[in-house]
Amino acid sequence: MKRNIPLILAFLAGLLMIVSEFIPHRPFSNMVETLEEWFMIIAGFSIVLGLASLLQMNYQKISTKAENWGYHLACVIAFAVMVIIGALWGMEDQPGLLGQGEKIISWLGKKPFDYTYDNALVPLSATMFSLLAFFIASAAYRAFIIRTFESNLLMISAVIVILGRTGFGTMLTSWIPENYRFWQLPVLADFIMQYPNTAAQRAILISASLGIIGSSLRIILGIERSYLGGDK
Amino acid sequence: MPDIMNTVGIWLGAFFTFAIFSFLYKDNPFYKLAEQIFVGLSAGYGLIYIIYAALMPNLFTKLATDFGGNLILLIPFALGIMMITRMVPKIQWLSRYPLSIVIGTSAAISLLRFLKSDLIAQVAATMINPFATKVPSEIVGNLMLIIGTICGVYFFYFSKKQEGIAKIPSKIGVYFLMVSFGATFGYTVMARISLLIGRLEFLLKDWLHIIK
Amino acid sequence: MSLNTSSVIERRIVYFLLFLAVLLPLLFPIGWGSEVSPVVKMSYDLIDQTPAGGIGLISFDYEASTITEMQPMAVAQIEHAWSRGQKVIATALWPQGPQMAAQSFEEAKRNPLFKDKEYGVDYVNLGYKVGGMVTVQALGSSFKDVYPKDSSGRDWDTLPMLKNLKNIKGLRWICSLSAGEPGLKDWIMIAHDVHNVPVTGGTTAVSAPGFLPYVNNHGQLTGLLGGLKAASEYEALIDKKGPATTKMDAQSVAHILILALIAVGNIKVWIRKRDNAKKIEVKDA
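The rules behind the values
- Residues numbered from 1 in each chain as written.
- Chains lettered and ligands numbered in written order.
- Predicted model: local features only at pLDDT ≥ 70, side-chain atom pairs only at ≥ 80, totals over all residues.
- Helix = DSSP H or I, 4+ residues; strand = E, 2+ residues; numbered from the N terminus.
- Rg over C-alpha atoms; globule rule 2.2 N^0.38 Å.
- Buried ≥ 20, exposed ≤ 12 C-beta atoms within 10 Å, placed from the backbone.
- Contact = placed C-beta atoms within 7 Å.
- Nonpolar A, V, L, I, M, F, W, Y, C, P; charged D, E, K, R; others polar.
- pLDDT = per-residue confidence, 0-100.
- Pairing = 2+ DSSP bridges.
- Axes fitted to C-alpha atoms, helices over the stretch in contact; angles between N-to-C directions.
- Expected span 1.5 Å × (residues − 1).
- Core = buried A, V, L, I, M, F, W, Y, C linked by C-beta atoms within 7 Å.
- Parallel < 35°, antiparallel > 145°, perpendicular 65-115°, else oblique.
- Left-handed = near helix turned anticlockwise from the far one by under 90°.
- Domains from an automatic or database assignment.

Visitor: Before we go on, may I ask you to explain the overall build of chain A in this structure?
Guide: Of the regular secondary structure elements, chain A holds eight helices and zero strands. If you list the helices and strands of chain A from N to C, you get α-α-α-α-α-α-α-α. At 27 Å, chain A has a C-alpha radius of gyration far larger than the 17 Å of a compact globule built from 232 residues. In terms of overall dimensions, chain A has C-alpha extents of about 65 × 60 × 45 Å along its principal axes. Within chain A, the proportion of its 232 residues that are buried is 46%. Within chain A, contacts between residues separated by at least 24 positions form 29% of all contacts whose residues are at least 6 apart in sequence.

Okay, structure coming up:
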């Protein structure tokens, strides 16, 4: 019961979606609409589960005073602050438990949730990802080395695209006459993107889609069961 | 007061920006603190949005305003609660029921959509007449598109060992993939630099008011 | 000096050079121009050719981490749609999308031409829904069932511009500004490939090459904006010197630095190889 019923449910849900694709009329269309509505609600709870699991992991580290537990405490406090201010005053025009919080807005300029989002979450998130610029510069210097014919192709294409996608590249080859426009860097970069790049990416799409179709079938037919977890 | 708080907010943003950038020198307490605050705030943000934007309007408000008319919503509600039982080892098997519905539905939608959009449509889009245009570069490009796609797919065919003459299309496929990876590297450089520009602009414009 | 220390110093020099390459052009702009790519023009034409009164949808499928690349696209497209008398719906498949949408509308309204644009009449922010592809699929049946309320909790029926909108087929165009999954791919697969609604998109530069196969003779994707450069091209098309355009000089200089670093790195390896070869020759002799 613990394994077979879930397998049957997955099969039925999958079958219903597939049948309704080919017979998009009642009763299948209505059933699918209901299933989609349920899906969104269950998916909402699954995100709650993910967040609860994160908290549980942090709680374990704090309670056992694991290495760097203080930072995990900061994580839990930040989480609690965001949740509490969001629940109390809401965000943007959405009211919270204490309404719109006009008093606090007159003091802070905006709702506490929006204030924290703009002044803490945005800079943290944007800066975290901007670090990658430094790492890619370092990688370009240390690892982007010509060794074989294939790496030559990779290098040539990268150089044309890096130059062609800038104003500097446009300026560099703007002297080339209109009859030979193809050799201007931006046009050449567009050509690479539109033809050889598209061909390769399309090959990846086609091949990956075959894999996805195969694994989807395995899930619906109950051959692939790893998502159910252990045997208990 | 809001003006002062706005300035405080910008200084807070600058502090977090520097705290993250400090990692470039070496790992340090400021970076670790900023990193964990980032995780905590993101999770808190996600929870509030899930409740306000998804669970409240699509479930709780409907049940609160017209319970009798929305009785059927108790089923996904119950399934949602069952999903959370994954946290309790003794009854975590209950989460398999909602999980199987989510996985079964997603698998079927993926199967249908990828079949149509990524397999059939992409194969069809490759069936073009390369000589339909008179522009030489487009003819060459169209030929590259056809040959590159076929050889690329051939390269990903792992069921049989590619040897001798059968290796040639695979090799051509690799060449196309290399050109594409080069282009992707170029675009990745572009993306990462853009993000850095955004942060430096924040420091120069909003924090230091050096540029307008 | 050990090899490890020298490598750390080298890395820090690279970081410092990159910092300068971005900083200096921001302080002292150069003003290099750039050309508009055909795929950006396609996206522009889609919105430009939509008649006034038509409703377009922008899905904000990104978060603050990619705000620099994505936000200028959103603002430019909103301004473009409004300048053509169209109405804009904002949705989001990512939790931070509604905030991004609110900021974009606010930014677009700072333009004196659009300061009178009214919420509920000219634009709405429907907010975030979890579920990705399934959510988009559900929009094919009914918008109202998926979004009984907007992002601020207003009822669907109180928003005048949504009065006649039943499902996804009532839209004239869809643009997914997407930094990953779920995002543009889901809109292409369902909105275009199932319901035949024209879909255009904006992505971070990282994922742009992977979306180009969809720009094909079947019109799966009508144009694509890939990264900040494409955003600046879109701004040029609507005659706006916006946030993307002002950053392009810094982008160019940083690209030149990256190329210089690649060249220096290769020369270094070549010299090392030559020296090693010489050492082996001497040893053999």
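Visitor: Where do I start with the overall build of chain B in this structure?
Guide: Each helix and strand in chain B was counted, giving six helices and zero strands. Put simply, chain B runs from its N terminus to its C terminus through helices and strands in the order α-α-α-α-α-α. Its C-alpha atoms give chain B a radius of gyration of 27 Å, clearly above 17 Å, the size a compact globule of 212 residues would have. Its C-alpha atoms put chain B at 70 × 60 × 40 Å along the principal axes. When burial is assessed residue by residue, chain B has 48% of its 212 residues classed as buried.

Visitor: I would appreciate a short explanation of the interface of chain A and chain B in the present structure.
Guide: In many analyses, interface size is given as the accessible surface area lost on bringing the parts together. Each partner contributes residues to the interface: chain A has 108 residues there, and chain B has 100 residues. At the level of elements, α1 (4-22), α2 (28-63), α3 (69-89), α4 (102-108), α5 (112-143), α6 (149-164) and α8 (185-220) of chain A are the ones that each hand at least two residues to the side of chain A that touches chain B. The dominant element in the side of chain A that touches chain B, judged by the number of residues it contributes, is α8(A), at 24 residues. Counted by class, the side of chain A that touches chain B contains 78 nonpolar, 23 polar and seven charged residues.

Visitor: What is the right way to look at the confidence of the model for chain B in this model?
Guide: It should be kept in mind that the predicted coordinates are not to be read in detail where pLDDT is low. Overall, the prediction assigns chain B a mean pLDDT of 94, with 100% of residues at 70 or greater. For this predicted complex, the interface score ipTM comes out at 0.91, alongside a pTM of 0.93.

Visitor: Please explain the interface of chain C and chain B as it appears in this structure.
Guide: Listed per partner, the contact involves 46 residues of chain C and 38 residues of chain B. Those elements giving two or more residues to the side of chain C that touches chain B turn out to be α1 (3-27), α3 (67-83), β3 (123-128), α5 (133-139), α7 (184-192), α8 (208-211), α9 (227-237) and α10 (243-284) of chain C. Broken down by element, the residue count for the side of chain C that touches chain B peaks at six residues, all from α10(C). Residue composition of the side of chain C that touches chain B, by class: 25 nonpolar, 15 polar and six charged.

Visitor: Looking at this structure, I do not really get the sheet that holds strand β2 (residues 87-92) of chain C. What am I missing?
Guide: Sheet strands associate in pairs through backbone hydrogen bonding, adopting either a parallel or an antiparallel arrangement. Residues and elements named next belong to chain C. Across the sheet, which stays open at both edges, the six strands sit in the order β3-β2-β1-β4-β5-β6 with parallel pairing between neighbours. The open sheet is flanked by β3 and β6 (224-226), the only strands paired with a single partner. Taken over all neighbouring pairs, the strand axes of this sheet differ in orientation by 15° on average, direction set aside. The pairing of strand β4 (residues 173-178) with strand β5 (residues 199-203) spans five bridges and is classified as parallel. Bridging across to β5, leucine 177 finds its partner in glycine 202. Against the sheet, helix α4 (residues 97-109) contacts β1 (55-61), β2 and β3, and its axis sits at roughly 160° relative to β3. Contacting β1, β4 and β5, α7 runs over the sheet at an angle of about 175° to β5.

Visitor: How should helix α1 (residues 2-21) of chain B be read in this particular structure?
Guide: Because an α-helix packs 3.6 residues into every turn, residues spaced three or four apart end up facing the same way. Helix length check: α1(B) (20 residues) gives 28 Å between terminal C-alpha atoms against 28 Å at 1.5 Å per residue, within 8%. For α1(B), the full list of buried residues reads B:Gly9, B:Gly13, B:Phe16, B:Thr17, B:Ala19, B:Ile20 and B:Phe21. Next to the buried residues of α1(B) lie α5 of chain A together with α2 (29-65) and α6 (167-207) of chain B.

Visitor: Explain the environment of A:Gly96 to me, please; I cannot follow it from the model alone.
Guide: All names here are of chain A. Counting through the fold element by element, glycine 96 comes out in the loop between α3 and α4. With 20 C-beta atoms packed within 10 Å, glycine 96 lands in the buried category. In this structure the C-alpha to C-alpha distance between glycine 96 and glycine 86, which are 10 residues apart in sequence, comes to 6.9 Å. With near-sequence residues (within four places) excluded, glycine 96 lies in contact with Gly86, Ala87, Leu88, Trp89, Gly90 and Gly101.

Visitor: In this structure, what is going on with the environment of C:Thr246? I would like to understand it.
Guide: Residues and elements named next belong to chain C. In this structure, threonine 246 sits in helix α10. When the 20 C-beta atoms within 10 Å are taken as the criterion, threonine 246 is described as buried. Separated by 53 residues in the primary sequence, threonine 246 and aspartate 193 have C-alpha atoms spaced 37 Å apart.

Visitor: Can you help me understand the nonpolar core in this one?
Guide: General note: in soluble globular proteins, nonpolar side chains tend to be found buried as a group. If you look at the biggest cluster of nonpolar residues, it comprises 213 residues, and the most contacted ones within it are A:Ile42, A:Ala137, C:Val22 and C:Phe60. In contact with A:Ile42, not counting residues within four places along its chain, are B:Pro76, B:Leu79, B:Gly80, B:Met83, B:Pro98, B:Ile101 and B:Val102.

Visitor: Got a minute to help me understand α4(C) in this structure?
Guide: For α4(C), built from 13 residues, the straight-helix expectation of 18 Å at 1.5 Å per residue is met to within 8% by its first-to-last C-alpha distance of 18 Å. Within the sequence span of α4(C), burial applies to C:Gly97, C:Pro98, C:Gln99, C:Met100, C:Ala101, C:Ala102, C:Ser104, C:Phe105 and C:Ala108.

Visitor: Sorry, what's going on with the packing of α6(A) against α8(A) here?
Guide: How two helices sit against one another is set out by the angle between their axes and by the gap between those axes. All names here are of chain A. Between α6 and α8, the least distance of the axes is 8 Å, while the angle of their chain directions is 125°. Viewed along their axes, α6 and α8 adopt a mutual orientation that is oblique. Relative to α8, the crossing made by α6 is left-handed. Of the residues in α8, those in contact with Ser157, Ile160, Val161, Leu163 and Gly164 of α6 are Leu185, Pro186, Leu188, Ala189 and Ile192. Tallied by class, the residues present in the contact of α6 with α8 amount to eight nonpolar, two polar and no charged.

Visitor: Help me understand the domain arrangement of chain A, please; the structure alone is not making it clear to me.
Guide: Residues and elements named next belong to chain A. The domain architecture assigned to chain A consists of domain 1 (1-66), domain 2 (69-132) and domain 3 (144-219). The gap between the C-alpha centroids of domain 1 and domain 2 is 29 Å. Facing the six residues of domain 1 at the interface are six residues of domain 2.

Visitor: Help me understand the packing of α8(A) against helix α5 (residues 136-155) of chain B, please; the structure alone is not making it clear to me.
Guide: The contact between α8(A) and α5(B) brings their axes to 8 Å, and the two run at 20°. When the interaxial angle is binned, α8(A) and α5(B) end up roughly parallel. Read as a crossing pair, α8(A) and α5(B) show a hand that is right-handed. In this structure, α8(A) contributes A:Phe191, A:Gln194, A:Tyr195, A:Pro196, A:Thr198, A:Ala199, A:Ala200, A:Arg202, A:Ala203, A:Ile206 and A:Ser207 to the contact, and α5(B) contributes B:Ser137, B:Gly141, B:Met144, B:Leu145, B:Gly148, B:Thr149, B:Gly152 and B:Val153. Partitioned by chemical class, the residues of the contact of α8(A) with α5(B) number 10 nonpolar, eight polar and one charged.

Visitor: Would you mind showing me how to read unusual backbone geometry here?
Guide: Trans peptide bonds make up the majority, and among non-glycine residues the majority have a negative phi. Of note, the bond from A:Arg26 into A:Pro27 is cis; its omega dihedral lies within 30 degrees of zero at 0°. Looking at the element boundaries, A:Pro27 is found in the loop between α1 and α2. With an omega of -10°, the peptide bond running from C:Glu181 to C:Pro182 counts as cis. Inspection of the secondary structure assignment puts C:Pro182 in the loop between β4 and α7. We note that A:Glu92 has phi near 45°; this positive angle belongs to a residue other than glycine. With respect to the helices and strands, the residue A:Glu92 is situated in the loop between α3 and α4.

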